[in-house]
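# Overview (structure and organization)
The lines below spell out each chain.
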Amino acid sequence: MIALARITLSIFVFALPFGAFHLSTIAAVLLVVVGGTLLRQQFDVRHLFFVYERRWMFVALFAFLFFVTISLAFASSLSLAIFATARLLLAIVAGASAAYVIGRGLVTLDFVFGAIVASAVFQSIVAFLQFASQSSLGLWWLGESVLSSDAPGVAKIVVEGVRFIRAYGTFPHPNVLAAFLLVGLVALAFLFFKKTSRFLLPTFYFLLLLGLLLTFSRAAWIICVLLFVVIAWWAMRYREQGTGYRGQWVLTILGSLVVLVTIFYPFIFARSSLSLDEPAIADRIQYLRLGVDIVVRRPFGVGIGNQVLYATQHDLYGAAGLLAPWQREPIHNLYLLIASEIGVFGLIAFCMLIGAVFMVKSETLKVERFFVALMLGALLLFGFTDHFLWDVAPGRLLLWFLIGLALA
């Protein structure tokens with residue numbers, strides 16, 4: 001059973017970035033089946049104590065799901081709302097299954113962190129090869145997008161008048177890849193401080209930082225700096241908790257950054273410039289205004305999965321100056337998007353749930369919980385600038401998987 005649990009979790013973590021043939025969804029279903037089977041075979045009264053000790057978290061979760069269900073009554077497209085609800089429930093149950101498998105001791109968090117790092121390293125290699133070739137690699141069977149510097153709809157940057165594609169990995173957008181690599185960097189920091197063998201870890205750090213750089217996600221770059229500052233503070237503050245290698249960790253980070261900045265300085269400089277007139281900034285401001293408008297109009301939400309449809313039907317995109325068809329995207333803010341779809345009270349329930357998750361304490365896994373909290377915190381910060389944690393399968397599965405890890 002231990003071997004089955006390890007294989008299942010490994011498949012889930014590695015398949016999470018793969019969109020083709022619904023591989024990530026299939027992996028989530030497999031994880032749910034294994035977790036449910038284990039629960040049925042090994043259920044005892046201690047599970048009830050687990051629920052009681054975390055009762056406020058479960059109250060918040062049920063309140064959140066209640067408002068998700070209520071939002072169906074306000075949906076313009078009921079079928080779209082039901083489909084979105086089913087996808088959300090799958091992500092929640094997959095996260096709960098991961099929490100149960102780990103909580104039962106069948107799989108350690110060290111093993112999970114190792115699987116995350118392995119998957120992130122693979123994605124970084126794909127990202128580098130995509131940027132180097134300025135095209136996709138033919139990995140369509142893993143969900144890779146069709147990439148070209150001339151293709152419309154592909155995320156690009158402009159350096160000295162030349163267009164370069166941003167790295168996607170096998171994710172649907174560079175920002176989703178960037179979020180996954182942030183999680184991988186935190187997992188790698190944990191392994192760096194805890195493992196006795198660190199032979200390949202500096203190389204992995206370089207690869208993950210390279211992949212993160214090539215996404216050219218400015219939000220991810222800022223969050224990465226914040227993560228390194230917090231980890232450095234933790235390493236200095238809690239020297240007794242296996243942080244004897246903090247000097248090597250700092251040197252690894254600084255050495256990797258010096259090499260990458262030296263090589264990619266023109267790209268970094270071009271991407272670091274900000275202007276309110278820049279489409280990426282100007283459009284996000286309009287999406288935020290659109291989101292506030294929807295929440296004011298419909299405080300109980302427009303129905304889960306229905307924000308884009310509602311805004312299109314009521315010409316809110318046109319009113320916001322977002323006239324191109326490709327600009328009809330979800331609100332680029334996780335929290336406004338939740339409020340617009342399942343209502344203000346649904347957003348409050350979600351925030352209460354997240355707060356309850358962060359308040360869960362563990363006397364035996366303090367170090368592990370700190371790093372999981374960093375992973376989850378990084379995603380939630382990213383949520384202020386993007387929507388993929390709510391409506392894109394890899395992002396949604398990653399969010400609830402990390403919530404599950406925080407409870408394990």
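Residues numbered from 1 in each chain as written. Predicted model: local features only at pLDDT ≥ 70, side-chain atom pairs only at ≥ 80, totals over all residues. Heavy atoms only, no water.

## A few points about the overall build of the protein
Which entries qualify depends on this criterion: To qualify as a helix, a DSSP run of H or I must reach at least 4 residues; to qualify as a strand, a run of E must reach at least 2; elements of each kind are numbered from the N terminus. A simple rule labels every residue: compare its accessible area, found with a 1.4 Å probe on the protein chains alone, to the largest value its type can have, and call it buried under 20%, exposed over 50%, or partly exposed in between. Working rule for contacts: check all heavy atoms of both residues, and any pair within 4.5 Å makes them a contact. All accessibility values rest on the Shrake-Rupley procedure with a 1.4 Å probe; residue burial counts only the protein chains present in the view. Lys and Arg are tallied as positive, Asp and Glu as negative. Neither His nor the chain termini are counted. Here the site of a charge means atom NZ of a Lys, CZ of an Arg, CG of an Asp or CD of a Glu.
In terms of regular secondary structure, the protein is built from 18 helices and two strands. Projected onto the principal axes, the alpha-carbon positions of the protein cover approximately 55 × 55 × 40 Å. Here the protein holds 408 residues, and 51% of them are scored as buried. Intrachain contacts of the protein at a sequence separation of at least 6 include 72% that bridge at least 24 residues. Summed over its atoms, the accessible surface of the protein is roughly 18300 Å², and 71% of this surface lies on carbon and sulfur atoms. Positive and negative side-chain charges in the protein, numbering 27 and 18 respectively, have mean positions lying 9 Å apart.

## Observations concerning the side chain of N175
We apply this condition: Contacts described as polar in this section are N or O atom pairs within 3.5 Å, which, within protein, must combine one atom able to donate a hydrogen with one able to accept it, while residues neighboring in sequence count only if both atoms come from side chains.
Structurally, N175 can be placed in helix α7 (residues 174–194). Of the polar contacts made by the side chain of N175, one reaches the side chain of R166; its length is 2.9 Å. The contact partners of N175, leaving out residues within four places of it in the chain, are R166, S217, R284, F382, D386 and F388.

## Here's the deal with unusual backbone geometry
Glycine aside, the phi torsion of most residues is negative, and most peptide linkages are trans. A positive phi angle, close to 55 degrees, is found at E160, a residue other than glycine. Within the secondary structure, E160 sits in the loop between β1 (156–159) and β2 (162–165). For E160, a relative accessible area of 76% corresponds to the exposed category. Of note, F216 is a non-glycine position whose phi angle comes to about 55 degrees, a positive value. Here F216 lies in the loop between α8 (201–215) and α9 (218–237).

## Notes on the pattern of salt bridges
The condition is simple: We define a salt bridge as a contact between a side-chain nitrogen of Lys or Arg and a carboxyl oxygen of Asp or Glu at a distance within 4 Å.
Enumeration over the complete set of coordinates arrives at three salt bridges. In this structure, the salt-bridge partner of D386 is R284, at a minimum N-O distance of 3.6 Å. Note that D386 is positioned in the loop between α16 (366–382) and α17 (388–391) and R284 in helix α11 (residues 279–297), a separation of 102 residues in sequence. The exposure class of D386 is buried, given its relative accessible area of 6%. Here R297 makes a salt bridge to D293, at a shortest N to O gap of 3.1 Å.

## A few points about the nonpolar core
Going by this rule: Remark: nonpolar core denotes a set of buried residues (Ala, Val, Leu, Ile, Met, Phe, Trp, Tyr, Cys) joined through side-chain atoms within 4.5 Å.
In this structure, F64, F371, W400 and F401 are the most contacted members of the largest nonpolar core, which totals 139 residues. Broken down by element, this core gets its largest block of residues, 17 residues, from α7. For F401, the residues in contact, after removing those within four places along its chain, are L9, F12, V13, G95, A98, V112 and I116. Residues L147, A155, I165 and Y168 belong to the second largest nonpolar core, which totals five residues.

## Examining the packing of α7 against α16
For the record, the criterion: In this analysis, axes come from line fits to C-alpha atoms, helices being fitted only over the stretch in contact, and the angle between any two N-to-C directions falls in the range 0 to 180 degrees. The scheme is simple: roughly parallel for angles under 35 degrees, roughly antiparallel for over 145, roughly perpendicular for 65 to 115, oblique for anything else. When the near helix sits turned anticlockwise from the far one by under a right angle, the crossing is termed left-handed; a clockwise turn instead gives a right-handed crossing. Residues are grouped as follows: Ala, Val, Leu, Ile, Met, Phe, Trp, Tyr, Cys and Pro are nonpolar; Asp, Glu, Lys and Arg are charged; all remaining types, including Gly, are polar.
It is at 10 Å that the axes of α7 and α16 come closest, and there the two elements cross at 165 degrees. Considered as vectors, α7 and α16 are oriented roughly antiparallel to each other. Helix-helix and strand crossings are classified by hand; for α7 and α16 the assignment is right-handed. Note on element contacts: α16 touches α7 through V367, E368, F371, L374, M375, L379 and F382, opposite N175, A178, A179, L182, V183, V186, A187, A189, F190, F193 and K194. For the contact of α7 with α16, a count of residues per class yields 15 nonpolar, one polar and two charged.

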